[in-house]
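# Inside the fold
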Amino acid sequence: MGYNNNLRMLGFNPPLMKSSSVKSMIELQDDSRAIPVATTRNLPSLKGGPELFGTNSAWSIMKASIKTAFFSDKINLLLPCGPLAMLVDQLTHRQGWVFMLSLLGIIPLAERLGWATEQLVYYTVPTVGGLLNATFGNATELIISLFAMKQGMLRLVQQSLLGSILSNMLLVLGCALFGGGITHLNKEQMFNKSNVGMSVGLLLMAVMALIFPTVLRVTNTELQIGTSVLALSRFCSCIMLVAYVVYIFFLLTNQKQDYASLKEDSPTASSDNEESADITKWESIIWLGVLTLFISILSDYLVNAIEGASVAMDVPVAFISVILLPIVGNAAEHASAIMFAVKDKLDISLGVAIGSSTQISMFVMPICVVVGWMIERPLDLDFEPFETATLFMTVLVVAFILQEGTSNYFKGLMLLFCYMIVAASFYVHVDPASIQDNPQ
């Protein structure tokens, strides 16, 4: 329904109204332009008078918002798994069941967190919207890492962040390229090589920051044994944070002019974006806070159950940390990347997958090191040689596959095969530094 029908939608008949009433309703019509068309469901009928409007307005908006948030997607059927995990933990202490139920319960919460972020993106400029999408898309990984670090599970933090990067670059991107290629078999999909090249360059910088502390320890060339690696990791983390801030500033300043010209060329683009929003801006912000709180509560149960689940299911902790946890955290990115690739919007898919990997390596990982520094948890960038080599090879494979600026289903299939190899490798990998060896 367009804006010209707002009066009829509210129950008024413009031809029968006096001139003064027409003028007032025109002003109301103009003011309503700030509200996305899709959110006009929140406006109750005015036929019952001001008293009914004031009584039912908040309740109607709340019911409509809850219905849109939790009853609009089939994946929300997994939501009861979260409370069940808490109940099983209190009654039986079966850590394997607690872990699996917590894992399943976080999946819809992570997906809804991505949905709420997408709703907020409609009210911002494209660049800021992309940054918000990547930031809140990685909120699950950050929350799980902070809970694990608080409990001294430093290896779990390292492996879960590493796994998130690998999952985004191989699994998420691979599914997106494969899905887009299958949908568009008759043509080769194109994307902007310059943006991808910049992100890959930042990923290589992150790999460099991980390689040097690891090599320093393996070769026994530390100036001060036991402290030089930690000091180097903290210094590199600060440098990476500064580089990421400069990167964001670069994106904002270079795309601000492009966005202004886009609005000038297409003045209806803004209203089109608003029409596709399901909830208002403040509803989006409230849901972001509520969903983040729910994920935080459930992440506590998930982290506490990892060791018991590893014993109960006879699965290595490294496999759980690198493979299983990131799949849950990347649920929102996974669905979004595939959807945009199928719609032949490959630049957005690459922005979701590669951009998320860049933010984890250049922001989430360094911020965890700095937070660990503040709370006296010696988290460093000294990943084991096996893990560092895996990340290095992953970045190289993705860089070579994307260097031509074109995509097809076979390139996506290659990335998926690479992820299978990585998953199998971590399943048979024995972590030399177990979680129990970390300080409590």
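Please read these numbers as outputs of a predicted model, since none were measured by experiment.

Tallying secondary structure elements over the protein chain gives 18 helices and two strands in all. Taken across its 440 residues, the protein chain has 47% of its residues classed as buried. The contacts of the protein chain with a sequence gap of at least 6 include a subset with a gap of at least 24, amounting to 84%.

One pass over the full model with this rule turns up five salt bridges. One salt bridge in this structure joins R155 and E387, with 2.4 Å as the shortest N-O distance. With R155 in helix α8 (residues 154–183) and E387 in helix α17 (residues 385–402), this pair connects stretches of sequence that are 232 residues apart. In this structure R155 comes out as buried when scored by relative accessible area, which is 4%. We note a salt bridge from E384 to R217, for which the minimum N-O separation is 3.5 Å. With E384 in the loop between α16 (346–374) and α17 and R217 in helix α9 (residues 193–218), this pair connects stretches of sequence that are 167 residues apart.

The subject of this paragraph is helix α18 (residues 409–427). For α18, with 19 residues, the first-to-last C-alpha span of 27 Å sits near the 27 Å given by 1.5 Å per residue. Taken together, the buried positions of α18 are K411, G412, L415, L416, Y419, V422, A423 and F426. Relative to the axis of α18, the buried residues are bounded by an arc of 140° and lie together on one face. Opposite the buried face of α18, at more than 90 degrees from it, the exposed residues are M420 and I421. Between the side-chain oxygen at the start of α18 and the backbone nitrogen of F410 there is a gap of 3.1 Å, and the oxygen is on N408.

On to helix α4 (residues 81–91). Among the residues of α4, those classed as buried are C81, G82, A85, V88 and D89. The buried residues of α4 all sit within an arc of 125° when viewed along its axis, so they share a single face. Opposite its buried face, α4 presents the exposed residues P83, Q90 and L91, each directed more than 90 degrees away. Directly after α4, the chain includes H93, whose backbone phi takes a positive value near 60°.

The N-to-C vectors of helix α7 (residues 139–150) and α8 enclose an angle of 165°; their axes lie 8 Å apart at closest approach. Put simply, α7 runs roughly antiparallel to α8. For the pair α7 and α8, the sense of crossing is left-handed. In this structure, α7 uses E141, S145, A148 and M149 to contact α8, whose residues at the interface are L154, L156, V157, S160, L161 and S164. Looking at the contact of α7 with α8, its residues break down into six nonpolar, three polar and one charged.

On the surface, a cluster of nonpolar side chains totalling about 470 Å² of accessible area is made up of I182, L185, Y409, F410 and M414. Top contributing element to the nonpolar patch by residue count: α18, with three residues. Mapped onto the fold, L185 is located in the loop between α8 and β1 (189–190). Taking relative accessible area as the criterion, L185 reaches 55% and is therefore assigned exposed.

Tracing the chain through its elements places H184 in the loop between α8 and β1. Judged by its relative accessible area of 18%, H184 is buried.

It is worth spelling out unusual backbone geometry at this point. Of note in the backbone geometry, D314 takes a positive phi value of approximately 55° without being a glycine. Tracing the backbone through its elements, the reader meets D314 in the loop between α13 (306–313) and α14 (317–329). At E376, a position not held by glycine, the phi torsion is positive, near 65°.

Right, let's talk about the environment of V200 for a bit. Of note, V200 is situated in helix α9. Exposure remark for V200: the relative accessible area of 9% places this residue in the buried category. For the pair V200 and T358, spaced 158 residues apart in the sequence, the C-alpha separation amounts to 7.9 Å. The residues touching V200, leaving out its near neighbours within four places in the chain, are V395 and A399.

A separate point is the confidence of the model for the protein chain. Per-residue pLDDT for the protein chain has a mean of 76; in total, 75% of the residues score no lower than 70. Put simply, helix α1 (residues 6–9) is where the protein chain has its lowest mean pLDDT, 40, and α18 is where it has its highest, 92. Across residues 1–53, confidence stays below pLDDT 50; counting only partners more than four residues off in sequence or on other chains, it has 53 contacts. Scored below 50 in pLDDT, residues 265–275 makes seven contacts in the model with residues more than four places away or belonging to other chains.

Definitions and cut-offs
- Residues numbered from 1 in each chain as written.
- Predicted model: local features only at pLDDT ≥ 70, side-chain atom pairs only at ≥ 80, totals over all residues.
- Heavy atoms only, no water.
- Helix = DSSP H or I, 4+ residues; strand = E, 2+ residues; numbered from the N terminus.
- Buried < 20%, exposed > 50% of the residue type's maximum accessible area, 1.4 Å probe, protein only.
- Contact = heavy atoms within 4.5 Å.
- Salt bridge = Lys/Arg side-chain N within 4 Å of Asp/Glu carboxyl O.
- Expected span 1.5 Å × (residues − 1).
- Arc of directions from axis to C-beta.
- Polar contact = N/O pair within 3.5 Å; in protein donor to acceptor, adjacent residues only side chain to side chain.
- Axes fitted to C-alpha atoms, helices over the stretch in contact; angles between N-to-C directions.
- Parallel < 35°, antiparallel > 145°, perpendicular 65-115°, else oblique.
- Left-handed = near helix turned anticlockwise from the far one by under 90°.
- Nonpolar A, V, L, I, M, F, W, Y, C, P; charged D, E, K, R; others polar.
- Patch = residues over 30% accessible without salt bridge, like charges linked within 9 Å, V, L, I, M, F, W, Y side chains within 5 Å.
- Areas by Shrake-Rupley, 256 points an atom, 1.4 Å probe, with all protein chains shown as cover.
- pLDDT = per-residue confidence, 0-100.

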